[in-house]
Amino acid sequence: MLGADFGVQLLQTILFGVMLGGVYALAAMGLALLFGVANLVNFAHGEYIMLAMYMAFVFSVTIFQDPVLTPLFNIPLFFAIGVITYLGIFKRLIKAPPLSQIAATVGVLVLLRNLALAIWAAEPKAPPYTVFATSFSIGPIIVPLDKLLAMAVSFVTLFLLNLFLERTRLGVAMRASADDVEAVSLMGVDTNRLFLLTTGISLALVGLSGSLIMTYQAVTPTSGLLFGLLTWAIVALAGLGTVKGILIASIIFGLADSLASGLWDPRGREIVLYGLFILILWVRPKGLFGRR
Amino acid sequence: MNSLDALVLEGISKNFGALAALTNVNMRVQVGEVVGLIGPNGAGKTTLFNIVTGFIKPDRGRVKLFGEDVTGLQPHQIAARGVARTFQIVKPFFGMTVYETVLVGAYLREKDEDNARQRAEVAMKLTGVYHLRNRYARELNTPQLKLVELARSLATQPKLLMLDEIVAGLTPAEVDAMTALVKRIRDEMGVTVLLVEHVMRFVMNISDRVVVLNYGEVIAEGSPSEVSSNLKVIEAYLGGKSGS
Amino acid sequence: MKTYSALGAAIALAAVPFLVGLNEYYLFLVTLILLYTTIVVAWQLIGGYGGQLDLGAGAYHGLGAVVTGFLMVNYGVSGWVGLLVSGAAAAGVAFLIGYPSFRLGLKEVWYALSSLALVLILQKIFLLWTDVAGPLERYIPYAEFDPVFMRAGTKIFYYYITAALLASTFLIVSRIRRSKTGLYLISIRENEEAAEMLGVDVRRYKLQALMIYSFIAAVTGGIYASMVGFYHPTLFDSWISIQTATLAIVGGLGHLLGPPIVSIILLTVQEYLRITLGAVIIGLHQVIFGIILVVIIMFKPDGLGPLIDSLARRFPASVRR
């Protein structure tokens, strides 16, 4: 397929990749916050994303007919879940060595995955209908409205998050904690409360991203692994520095995802993503902000 | 290049971003000497240690050990060439007993288990931790851990022993005991010693020669009495700000 | 004295088939439990002694199944040869991924993630590689009893092979534990920098541990494939990775007796739950696993190892850690 046709297909694929990346960025941001601020390794992050997608599905089927309004429920719900998770599990893990954190959150991973399996079984679930299931065209390129909207929501949220991190007291405390936790606690900041709120915000972002990712794909209980590895890969590439870094890294992965599916084989998509992850780990080991 | 040199540093420089940790450091330690490295906090002493032992690579310059250029080698390769080192903040093997800890060091030179065990016992007895041999490292206090760290270093049968602030936090009596111990080690085992220290009582008592570092540069060297009356040194310690 | 308890264990292992009345289904379950326990014991080398949380067991186990199965199906090669070849292949893969990882000092979460990614990458590769595997199951030729080919209709054949494998793996791991290699590995786990300063080539020893364990994990995969008579890319299963690490941690990192005992008990419980409740609530047995893991880490981070060790000391032949 050479020539103009291929060119169009390529552009289309690239557009999808960028939009997808924009949505992944939200999910990855939640992880970056938790890992950066509280130094907590959450191996179950992907499973929370999976859960958020399921809840978006549930809300859109039962309450709204349209997934567009599901964030209204998902965001507060997952903030609450974040608070509960922190109080129940994470609080104890903060001081523990990374190995213990990984092991414990793997336990959470198993729990959530099988919970989903028990409740929703193994067939993929996707919202049945959305009012935004239309698209418009820019020349030969088709732009689906729902995905565009999702990307817009994501960008706005990231922008607001950035403002929050730079302008508010809490946000600055979070950034300071990412640099030096001891200093922050020595300055009188209640780290317990800080981490509690960080977890809540982290999962609230996950809740929102769950709704948005549903515009791209259905969810199964095993989706968690993919999103988990993906968001960790984004964090590996971006480092923990800035919102912008996460966004750029997410778009890179979104592009890789889209190009692999579009130009090669949708089944090869995961090979490319995980392969890219491992490559990044090997090529930029110093960029891996190992605080320990 | 003198065949009597245990360690030679030629033009060692190291920057961490904008911070010049070490600038054109030249130094030599002769076989059998005890050399003390002093200087204010942040002067670059630990960086220098890390470069010699291979944990960091210098930006410029060369490190020579017993005549061999070892710049850029890995720590375990440097250890195999006869260097042992204690750490400023002790790094114990918490889940191991003292015996097992020291045995790890002994295995560097002794392939045979029985020989390694003997070597470990000698090292433990010399440093006075033999009675603690079956205790787990996590049960010990800091002075004991320092002695265990010394024992495991000695078990490697080093030719050059590097001590990083080994008497920090010890009582005067403990410092004197350590002074006597290091002298004994030097005499009985024939090792060359390079030590970093803040506790003047220790450094001046035990060193044959003292090198003073400030802001990553060597500003003075000589015998302990020469250095302590050197004006520049006194200034460095009292005047201005210490090196970052 | 130690030989008595070893003898006792050997007799117990040998007697099990008769204890379950030579029932084919139970023999299958017991063999499966012993296979997974073998992986857990071997995992101690990289996880318990080396201190790396490796989540690659599913990759090596799957590789063993696929390579052994492929050789048996396409080339009529004996399963025994298949085990050796797939073990070597797994060790090779372990080297390919371990060498850069350890060279670059990949720690903790990054190593765990990359080993998990390995499982999924291999699964997808073999799903696409239709010459060797592909999306359909491949069946291994049936034989009533062909010990040369390594194929039999009755599960008791596989039971004894597996029991022998478990026993040998246990012996190998306990030998290593007492040797210089074992001591070096533990020193790496406790404090890598200190170990390096004592002359320990950290990368080399980690790689050694990884390759031995991956070889053994592959062998379990090959035995499994021959036993069930087919292979498929879903045998590259992340659950095996998670299960192995969980059992090893709950059993006590670095402890000798804890992990196998805990493995056998918990795996038996898991099977029991799957049989009784599994149809009612899918995945309940795994949920229990998850809960156990979280609880143990939070309240007994050293696992049950110390407890089991102190129990073992009551017996004359103590195989302490």
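Residues numbered from 1 in each chain as written. Chains lettered and ligands numbered in written order. Predicted model: local features only at pLDDT ≥ 70, side-chain atom pairs only at ≥ 80, totals over all residues.

Caption draft 1: Here's a closer look at the overall build of chain C. Across its full length, chain C holds 13 helices and four strands. Relative to its length of 321 residues, chain C is compact, with a C-alpha radius of gyration of 19 Å against a globular reference of 20 Å. Principal axes of the C-alpha set define a box for chain C whose edges measure 55 × 45 × 40 Å. For chain C, the residues scored as buried account for 56% of the 321 residues in total. For chain C, contacts bridging at least 24 residues in sequence account for 76% of all contacts bridging at least 6. (Helix = DSSP H or I, 4+ residues; strand = E, 2+ residues; numbered from the N terminus. Rg over C-alpha atoms; globule rule 2.2 N^0.38 Å. Buried ≥ 20, exposed ≤ 12 C-beta atoms within 10 Å, placed from the backbone. Contact = placed C-beta atoms within 7 Å.)

Caption draft 2: A look at the overall build of chain B. Helix and strand counts for chain B come out as nine helices and 10 strands. The C-alpha atoms of chain B give 18 Å as radius of gyration, which agrees with the globular expectation for 244 residues (18 Å, within 12%). Once the C-alpha set of chain B is aligned to its principal axes, its extents read approximately 50 × 40 × 35 Å. Within chain B, the proportion of its 244 residues that are buried is 43%.

Caption draft 3: Up close: the interface of chain C and chain B. In this assembly, 16 residues from chain C lie in contact with 19 residues from chain B. Going through the elements one at a time, helix 7 (180–190) and helix 8 (192–197) of chain C are the ones with two or more residues in the side of chain C that touches chain B. Top element by residues in the side of chain C that touches chain B is helix 7 of chain C. It accounts for six residues. Taken together, the residues of the side of chain C that touches chain B break down into eight nonpolar, three polar and five charged. (Nonpolar A, V, L, I, M, F, W, Y, C, P; charged D, E, K, R; others polar.)

Caption draft 4: Structural view of the interface of chain C and chain A. Contact with chain C, which involves 37 residues of that partner, is made by 37 residues of chain A. Residue assignment for the side of chain C that touches chain A shows that the elements contributing at least two residues are helix 5 (108–128), helix 10 (238–251) and helix 12 (284–299) of chain C. Of all the elements, helix 5 of chain C adds the most residues to the side of chain C that touches chain A, at 14 residues. In the side of chain C that touches chain A, the residues fall into 28 nonpolar, six polar and three charged.

Caption draft 5: Examining the pairing of strand 1 (residues 5–16) of chain B more closely. All names here are of chain B. In the sheet, strand 1 pairs with strand 2 (residues 19–30) via eight bridges, with the strands oriented antiparallel. When the sheet's bridge partners are listed, Phe 16 is paired in strand 2 with Leu 19. In this antiparallel pair of consecutive strands, strand 1 and strand 2, the connection spans two residues, and Gly 17 shows a positive phi of 65°. The sheet contact formed by strand 1 and strand 4 (residues 60–65) spans five bridges and is antiparallel. Paired with Val 8 across the strands is Lys 64, a residue of strand 4. (Pairing = 2+ DSSP bridges.)

Caption draft 6: Representation of the sheet that holds strand 7 (residues 160–164) of chain B. Residue and element names in this part refer to chain B. Strand order in the open sheet formed by six strands is 6-7-8-3-9-10, with mixed pairing between adjacent strands. The sheet terminates laterally at strand 6 (83–85) and strand 10 (217–222), the two strands that pair on one side only. Averaged over all pairs of adjacent strands, the angle between their axes in this sheet comes to 20°, without regard to strand direction. As defined by bridge partners, strand 3 (residues 34–38) adjoins strand 8 (residues 192–196) across four bridges and the pair is classed as parallel. Of the residues in strand 8, the one forming a bridge with Gly 36 is Leu 195. In the packing of helix 1 (residues 45–52) onto the sheet, the strands contacted are strand 3, strand 6, strand 7, strand 8 and strand 9 (209–214), and the crossing angle to strand 7 comes to about 150°. (Axes fitted to C-alpha atoms, helices over the stretch in contact; angles between N-to-C directions.)

Caption draft 7: Molecular detail of the UniProt feature "transmembrane region" (unreviewed entry) in chain C. Residue and element names in this part refer to chain C. Those places that UniProt annotates as "transmembrane region" (unreviewed entry) correspond, in this numbering, to residues 25–46, 83–102, 109–129, 156–173, 210–232, 244–269 and 276–299. Note that residues 83–102 is 100% helix and 0% strand, and that its end C-alpha atoms are spaced 27 Å apart. Taken as a whole, residues 109–129 contains 95% helix and 0% strand, while its terminal C-alpha atoms sit 30 Å from one another. (UniProt positions renumbered as here; feature names shortened; annotations may be inferred.)

Caption draft 8: Geometry of the sheet that holds strand 2 of chain B. A sheet is described by the order of its strands in space; here four strands give the open sequence 2-1-4-5 (chain B), paired in antiparallel fashion. Sheet topology places strand 2 and strand 5 (68–69) of chain B at the edges, where each strand pairs with a single neighbour.

Caption draft 9: The arrangement of the arrangement of the chains in detail. Where the two pairs of chains in contact are concerned, the greatest contact count is recorded for chains A and C. Note that chain A does not reach chain B: the shortest distance linking a C-alpha of one to a C-alpha of the other is 14 Å.

Caption draft 10: Spotlight on helix 1 of chain B. Across the eight residues that make up helix 1 of chain B, a large majority, six, are buried. Buried within helix 1 of chain B are the following residues: Lys 45, Thr 47, Leu 48, Phe 49, Ile 51 and Val 52 of chain B.

Caption draft 11: Here's a closer look at the confidence of the model for chain B. Summary statistics for chain B give a mean pLDDT of 89 and a share of 94% for residues scoring 70 or more. Contacts from residues 240–244 of chain B, a stretch scored under 50 in pLDDT, to residues over four places away or in other chains number 11 contacts. (pLDDT = per-residue confidence, 0-100.)

Caption draft 12: A look at the environment of Ala 152 of chain C. Among the secondary structure elements, Ala 152 of chain C is positioned in strand 3 (residues 151–152). The residues contacting Ala 152 of chain C, other than those within four sequence positions of it, are Ala 143, Phe 145, Asp 146 and Phe 157 of chain C.

Caption draft 13: Fine view of the nonpolar core. If you look at the biggest cluster of nonpolar residues, it comprises 278 residues, and the most contacted ones within it are Leu 229, Ala 233, Ile 234 and Phe 277 of chain A. Leave out the neighbours within four places in its chain, and Phe 277 of chain A touches Leu 229, Ala 233 and Ala 236 of chain A together with Ala 117 of chain C. (Core = buried A, V, L, I, M, F, W, Y, C linked by C-beta atoms within 7 Å.)

Caption draft 14: Quick look at the packing of helix 9 (residues 223–238) of chain A against helix 10 (residues 243–264) of chain A. All names here are of chain A. Running from N to C, helix 9 and helix 10 point in directions that differ by 125°, and their axes come no closer than 8 Å. The angle between helix 9 and helix 10 falls in the class oblique. Considering only the axes of helix 9 and helix 10, their crossing is right-handed. Between helix 9 and helix 10, the contacting residues are Leu 230, Ala 233, Ile 234, Leu 237 and Ala 238 on the first element and Gly 245, Ile 246, Ile 248, Ala 249, Ser 250, Ile 252 and Phe 253 on the second. (Parallel < 35°, antiparallel > 145°, perpendicular 65-115°, else oblique. Left-handed = near helix turned anticlockwise from the far one by under 90°.)

Caption draft 15: Structural view of the pairing of strand 3 of chain B. Residue and element names in this part refer to chain B. Of all the five residues making up strand 3, five are buried; the element is thus mostly covered by neighbouring parts of the structure. By the bridge criterion, four bridges tie strand 3 to strand 9 in an arrangement that is parallel. In the sheet register, Val 35 faces strand 9, and the bridge partner there is Arg 209.

Caption draft 16: Expanded view of unusual backbone geometry. Located in the positive-phi region is Tyr 215 of chain B, a residue other than glycine, with phi close to 55°. Summarising the element assignment, Tyr 215 of chain B is placed in the loop between strand 9 and strand 10. Among the residues examined, Tyr 215 of chain B registers 20 C-beta atoms within 10 Å and is labelled buried. Residues other than glycine seldom take positive phi values, yet Leu 22 of chain C does so here, at roughly 55°. Mapping Leu 22 of chain C onto the fold places it in the loop between helix 1 (2–19) and helix 2 (24–49). Classification of Leu 22 of chain C by C-beta neighbours within 10 Å gives partly exposed; the count is 13.

Caption draft 17: Summary view of the packing of helix 3 (residues 57–75) of chain C against helix 10 of chain C. All names here are of chain C. Look at helix 3 against helix 10: their axes get within 7 Å of each other, and the N-to-C directions meet at 125°. In terms of their interaxial angle, helix 3 and helix 10 are classed as oblique. For the pair helix 3 and helix 10, the crossing hand works out as right-handed. Note on element contacts: helix 10 touches helix 3 through Ser 238, Ile 240, Ser 241 and Thr 244, opposite Ala 57, Gly 58 and His 61. Of the residues belonging to the contact of helix 3 with helix 10, the class tally is two nonpolar, five polar and no charged.

Caption draft 18: Representation of the confidence of the model for chain C. Residue and element names in this part refer to chain C. Looking at chain C, the pLDDT average stands at 87 and 95% of residues meet or exceed 70. For chain C, helix 13 (residues 305–312) is the element with the lowest average pLDDT, namely 73, and helix 9 (residues 202–228) is the one with the highest, namely 95. Reported confidences for the modelled complex are a pTM of 0.88 and an ipTM of 0.89.

Caption draft 19: Fine view of the environment of Leu 166 of chain C. Within the fold, Leu 166 of chain C resides in helix 6 (residues 155–178). Note: C-alpha distance between Leu 166 of chain C and Thr 130 of chain C (36 residues apart in sequence) is 33 Å.

Caption draft 20: Here's a closer look at helix 11 (residues 269–283) of chain A. Here helix 11 of chain A is 15 residues long and its end C-alpha atoms lie 21 Å apart, about the 21 Å a rise of 1.5 Å per residue gives. Of all the residues in helix 11 of chain A, the buried ones are Glu 270, Ile 271, Leu 273, Tyr 274, Leu 276, Phe 277, Ile 278, Ile 280 and Leu 281 of chain A. Summarising the contacts, the buried residues of helix 11 of chain A are in contact with helix 9 and helix 10 of chain A together with helix 5 of chain C. (Expected span 1.5 Å × (residues − 1).)

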